[in-house]
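Coordinates in review
Read off the chains here:
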Amino acid sequence: MSTYGCPECGYLYDENEGDAWEGYPPGTPFLSLPADFACPDCAITSKDDFRLAD
Amino acid sequence: MKAYVATLQNGESVRYVDKKRYLWTLAVFYPLQPFIGIGLHDVTGNEGWLLLPLLLSYGALPLLDLIIGEDTDSPPEAIVTKLDADRFYRRLTYAVVPLHFVSLIGSAWWAGTQDLSWWAFLGLAVVAGMTSGLGINTGHELGHRKSRLERNLAKLVLAVPVYGHFWIEHNRGHHRDVATPEDPVSSRMGESIYRFARREIPGAFRRAWAIETERLKRRGRSAWDGENQILQTMSLSLVLQGGLLAAFGWRMLPFLIVHNVLAWWQLTSANYVEHYGLLRQKDAAGRVERCQPHHSWNSNHLVSNLVLFHLQRHSDHHAHPLRRYQSLRHYENLPTLPSGYMGAYLLAWLPWLWYRVMDKRLLALPHVGGDLAMINVDPGRAALLQARYGSAAVPSP
């Protein structure tokens, strides 16, 4: 399970944890997030622009 | 004065002193402006004084902007992290929140307990509304932060004029869709502020509702769940404004309606001047380009920037939405408004004058070069604008 990061604001999406507040349960793979997923904190980074953090 | 020091990658040391550090307290106390009028009315017995804050904000402030002028002083990029981390600045934004409650409650109390002429009553409601509009700006700053404390403070201050949905649609909607025809809060060339408002106010609310209810749906909850943040802030507004009605009677109803609408109108005015006509281009695949510095209108006028927590350094704000107000930077060669926001609002409220001043400024921007295809044009005015500006000649600014 990997972590993906927003290069602008540092928001991290850890696949192990998901993002409960946003409605993505633990274990939700990043690639299965909606196509129009954007950084929940800054919104200027689209799904394609996230970077693998580890 | 406090100095920040950073070391660059090449070993050089860079030092910065923020000359505006203590001047930011103007933004903290400015929301108490209704009390200037109330105090003078109380002392002199003349209710005309209640309107003084209007003269201050839309007369004195633009004049001060003109006299004192622009301030391009910015922290070097290497200093930004340290400046952002200095808690002094964020504490100022925390301090303003209760003051917005004090401002509304105080104004309502005066309107509700004094025997005011209808025009003084209306004037006080307008002043109160304008002041709560500043609160929406404070909510903008706080709502952009990651911490729960700051987001909760944002919801609190936005509840004052019943605009709790703002930070949701702003962060997740506007920052995503800025400077596209699809964005209800980006204004189009040829669109007057009055027509814009009829699209912006409902459009922003609908977008906020959609974003929040989609989130709730993903969490397996209904749109009407107690966790709905829009409903939470509305409940807060209900308690506050309902409380004022209960305390001061039915005349609070027109007072609060005027107050709320005027507060919303402040935001409408800010939204209108911030991206007028600016357009992000689509690539061949239909993907919209990243927001560039030239997709926002800016102002470096010092006094209005101090009152608005640097909102007018708008390009940097869109480049770095989570950057705190104190660190927002000036860039060269940006779309620039002819004055600070308050002066720009006055222009915007007179559409014929706005078009006269701003349309040629828009067309003359380097990335536009007189080409209407580079502009977010109001479809209803496209033919007229094409006829007027359709040639490739760039009007002189």
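Refer to the structure presented above.
Anyway, here's the lowdown on the structure attached to this text. Quantities reported herein were computed from a predicted structural model and do not represent experimental measurements.

A look at the packing of helix 7 (residues 148-159) of chain B against helix 10 (residues 229-248) of chain B
All names here are of chain B. Where helix 7 meets helix 10, the axes come as close as 8 Å, and the angle between the chain directions of the two elements is 50°. Classed by the angle they form, the pair helix 7 and helix 10 counts as oblique. Note on packing geometry: the crossing formed by helix 7 with helix 10 is right-handed. Residues Lys-155, Leu-156 and Ala-159 of helix 7 touch helix 10, and the partners they reach there are Gln-229, Gln-232, Thr-233, Leu-236 and Ser-237. Across the contact of helix 7 with helix 10, the residue classes tally to three nonpolar, four polar and one charged.

Regarding helix 15 (residues 351-363) of chain B
All names here are of chain B. With 13 residues, helix 15 ought to run about 18 Å at 1.5 Å a step, and its terminal C-alpha atoms sit 17 Å apart, in line with that. Along its length, helix 15 reaches its greatest deviation from straightness, about 25°, at Val-357. Taken together, the buried positions of helix 15 are Pro-351, Trp-354, Tyr-355, Met-358, Asp-359, Leu-362 and Leu-363. Close packing links the buried residues of helix 15 with helix 9 (193-218), helix 11 (252-275), helix 14 (341-348) and helix 16 (382-389).

Remarks on the pattern of salt bridges
Taken as a whole and assessed by the stated rule, the structure comprises 25 salt bridges over all chains. One salt bridge in this structure joins Arg-218 of chain B and Glu-22 of chain A, with 3.1 Å as the shortest N-O distance. Within this pair, whereas Arg-218 of chain B is found in helix 9, its partner Glu-22 of chain A is found in the loop between strand 2 (12-14) and strand 3 (51-52), the two belonging to separate chains. Measuring nitrogen to oxygen at the nearest pair gives 3.0 Å for the salt bridge that ties Arg-176 of chain B to Asp-177 of chain B. Among the residues examined, Asp-177 of chain B registers a relative accessible area of 16% and is labelled buried.

Considerations on the side chain of Asn-298 of chain B
Residue and element names in this part refer to chain B. Positionally, Asn-298 belongs in the loop between helix 11 and helix 12 (302-307). Among the polar contacts made by the side chain of Asn-298, one reaches the main-chain amide nitrogen of His-314 at a distance of 2.9 Å. Residues in contact with Asn-298, not counting those within four places in the same chain, are Gln-312, Arg-313, His-314, Ser-315, Leu-334, Pro-335, Thr-336 and Leu-337.

Points about the layout of surface pockets
Taken as a whole, the largest pocket holds about 650 Å³ of empty space. Lining of the largest pocket is provided by 25 residues; of these, Ala-43 and Ser-46 of chain A together with Arg-176, Arg-280 and Val-288 of chain B occupy positions nearest its centre. Along the walls of the second largest pocket sit 20 residues, with Trp-21 and Glu-22 of chain A together with Arg-151, Trp-167 and Gln-229 of chain B positioned nearest its centre. For the lining of the second largest pocket, the elements supplying multiple residues, two or more each, are helix 7, helix 8 (166-177) and helix 9 of chain B. Classifying every residue of the lining of the second largest pocket gives six nonpolar, four polar and ten charged.

Overview of the interface of chain B and chain A
Contacts between the two partners involve 18 residues from chain B, matched on the other side by 18 residues from chain A. For the pair chain B and chain A, the two sides together bury roughly 1600 Å², of which 41% comes from carbon and sulfur. At the junction of chain B and chain A, the tally comes to five salt bridges. Remark: the boundary between chain B and chain A carries eleven residue pairs in polar contact (both at pLDDT 80 or more).

With respect to the packing of helix 2 (residues 34-44) of chain B against helix 5 (residues 87-113) of chain B
Residue and element names in this part refer to chain B. Running from N to C, helix 2 and helix 5 point in directions that differ by 30°, and their axes come no closer than 10 Å. The orientation of helix 2 with respect to helix 5, classified from their angle, is roughly parallel. Between helix 2 and helix 5 lies a crossing of left-handed hand. When helix 2 is examined against helix 5, the residues Pro-34, Phe-35, Ile-38, His-41 and Asp-42 are found in contact with a partner set consisting of Val-102, Ser-103, Gly-106, Ser-107 and Trp-110. Taken together, the residues of the contact of helix 2 with helix 5 break down into five nonpolar, four polar and one charged.

The rules behind these values
Residues numbered from 1 in each chain as written. Chains lettered and ligands numbered in written order. Predicted model: local features only at pLDDT ≥ 70, side-chain atom pairs only at ≥ 80, totals over all residues. Heavy atoms only, no water. Axes fitted to C-alpha atoms, helices over the stretch in contact; angles between N-to-C directions. Helix = DSSP H or I, 4+ residues; strand = E, 2+ residues; numbered from the N terminus. Parallel < 35°, antiparallel > 145°, perpendicular 65-115°, else oblique. Left-handed = near helix turned anticlockwise from the far one by under 90°. Contact = heavy atoms within 4.5 Å. Nonpolar A, V, L, I, M, F, W, Y, C, P; charged D, E, K, R; others polar. Expected span 1.5 Å × (residues − 1). Bend = angle between axes of the 7 residues up to and from the residue. Buried < 20%, exposed > 50% of the residue type's maximum accessible area, 1.4 Å probe, protein only. Salt bridge = Lys/Arg side-chain N within 4 Å of Asp/Glu carboxyl O. Polar contact = N/O pair within 3.5 Å; in protein donor to acceptor, adjacent residues only side chain to side chain. 1 Å grid on protein atoms, 1.4 Å probe; cavity = no way out; pocket = protein on both sides within 12 Å on 5 of 7 lines; lining within 4 Å. Points joined across faces, edges and corners; volume = space filled by probe spheres on them. Buried area = accessible area lost by both parts, 1.4 Å probe.

Keep in mind that these numbers describe shape and distance, not what the molecule does.
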